[in-house]
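Each chain is listed here by its residues.
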Amino acid sequence: MPAFGTDERWRLTHLGRLMGHALRRFDERVLWLMAHSPQAPLALSNLAARAQVGAAIVHITRHLPLGGARLTELAHSAGMSKQAMGDLVDQCVAWGLVRREPDPRDARARRIVFTPTGLDWLHAFRRAVEQAEREFRAAVGDAVAAVVALGLEAYADGDGAGDRAAAAYNVPHRERSPSR
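Residues numbered from 1 in each chain as written. Predicted model: local features only at pLDDT ≥ 70, side-chain atom pairs only at ≥ 80, totals over all residues. Heavy atoms only, no water.

1. Re the overall build of the chain
Counting its secondary structure elements, the chain contains 9 helices and 3 strands. The secondary structure elements of the chain, listed N-terminal to C-terminal, are α-α-α-α-β-α-α-β-β-α-α-α. Within the chain, residue pairs in contact and separated by at least 24 positions form 52% of the contacts whose partners lie at least 6 positions apart. (Helix = DSSP H or I, 4+ residues; strand = E, 2+ residues; numbered from the N terminus. Contact = heavy atoms within 4.5 Å.)

2. Some thoughts on the packing of helix α5 (residues 71-78) against helix α6 (residues 82-94)
Contact geometry of α5 with α6 gives a least axis separation of 9 Å together with a crossing angle of 105°. Viewed along their axes, α5 and α6 adopt a mutual orientation that is roughly perpendicular. Residue-level inspection shows L71, T72, L74, A75 and A78 of α5 in contact with α6, the latter providing K82, M85, G86 and V89. (Axes fitted to C-alpha atoms, helices over the stretch in contact; angles between N-to-C directions. Parallel < 35°, antiparallel > 145°, perpendicular 65-115°, else oblique.)

3. A closer look at the pairing of strand β2 (residues 98-103)
Pairing of β2 with strand β3 (residues 106-114), which is carried by 6 bridges, proceeds in the antiparallel orientation. Looking across to β3, one finds that E101 is bridged to R111. Linking two consecutive strands that pair antiparallel, namely β2 and β3, is a turn of 2 residues. (Pairing = 2+ DSSP bridges.)

4. Thoughts on the nonpolar core
Formed by 34 residues in total, the largest nonpolar core has its most connected members in I60, M85, V98 and W121. Going through the elements one at a time, α2 (15-35), α3 (42-49), α4 (55-63), α5, α6, β3 and α7 (116-140) are the ones with two or more residues in this core. The element contributing the most residues to this core is α7, with 7 residues. Ignoring sequence-local partners within four residues, the contact set of W121 consists of L31, M34, A40, P41, L44, S45, A48, V53, I57, T61 and L97. (Core = buried A, V, L, I, M, F, W, Y, C linked by side-chain atoms within 4.5 Å. Buried < 20%, exposed > 50% of the residue type's maximum accessible area, 1.4 Å probe, protein only.)

5. Considerations on the confidence of the model for the chain
For the chain, mean pLDDT is 83; residues scoring 70 or higher make up 86% of the total. Overall, residues 173-177 carries pLDDT values under 50, and its contacts beyond four positions in sequence, including any with other chains, amount to 4 contacts. (pLDDT = per-residue confidence, 0-100.)

6. A short note on the pairing of β3
Two strands pair when backbone bridges link them, and strand β1 (residues 69-70) and β3 are joined in this way by 2 bridges, in the antiparallel orientation. Bridging from a neighbouring strand, A69 pairs with I112 of β3.

7. Let's talk about the pattern of salt bridges
Where side chains of opposite charge bring their charged atoms close, a pairing between them can arise. For the structure on display, the rule yields 13 salt bridges. Here R62 and D27 are joined by a salt bridge, their closest N and O atoms 2.3 Å apart. Residue R62 is found in helix α4, and its partner D27 is found in helix α2; the two are separated by 35 residues along the sequence. Put simply, D103 and R105 hold a salt bridge, and the shortest N to O gap is 3.7 Å. For D103, a relative accessible area of 3% puts it in the buried group. (Salt bridge = Lys/Arg side-chain N within 4 Å of Asp/Glu carboxyl O.)

8. Describing the environment of P41
Topologically, P41 is positioned in the loop between α2 and α3. Counting along the chain gives 75 residues from P41 to P116, while the straight-line C-alpha distance between them is 10.0 Å. Excluding its chain neighbours within four sequence positions, the residues that come into contact with P41 are T117, D120 and W121.

9. Comments concerning the packing of α2 against α7
Axes are the key here: two packed helices are described by the angle between their axes and the distance separating the axes. Remark: α2 packs on α7, axes separated minimally by 9 Å, with the N-to-C direction vectors making an angle of 125°. Classified by the angle their axes make, α2 and α7 are oblique. Considering the relative orientation of α2 and α7, their crossing is right-handed. Contact with α2, carried on its side by F26, R29, V30, L31, L33 and M34, involves W121, A124, F125, A128, V129, Q131, A132, E133 and E135 of α7 and no other residues of that element. For the contact of α2 with α7, the class distribution of residues is 11 nonpolar, 1 polar and 3 charged. (Left-handed = near helix turned anticlockwise from the far one by under 90°. Nonpolar A, V, L, I, M, F, W, Y, C, P; charged D, E, K, R; others polar.)

10. A closer look at helix α8 (residues 142-157)
Between its terminal C-alpha atoms α8 stretches 22 Å, which fits the 22 Å expected from 16 residues at 1.5 Å a residue. Buried residues are scarce in α8, accounting for 1 of its 16 residues. (Expected span 1.5 Å × (residues − 1).)

Spelled out as structure tokens, the structure:
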């Protein structure tokens, strides 16, 4: 790792970087657990063991409701473009994790739904996430884990639109009177 001076340390320790590292570590642990899970479908477990499972399965597993979703809904939920999500869905279809089927509300549309293999993967994924969360709690303590979870939930659920409008980066602000 390159050496950073004391005036540059903020780049290594700001919340965004720490959250990014924590997410990668958590996801790597979940995928390792999946690779070694007797409940995970064997073909997908083998892909995970060879580090060939990544964003596709994680995004689909996290964002696809049990009842299925249209591609646009799935992309929106994952914060991705429709085209990028379409590529991930294609990969998951090839792996037998999901399938496309007609949307009962609109014959022109298609819904992405889990296959039986995909549901097996989802159940094993849940167990792996629960294990990784237990390990996190053991590493930092129950009190810290609770505060982290509450803080991240509050931060993720807030859109911050009011805060962003009131405090743009490096722009001096003045109090505005209600009459304006």
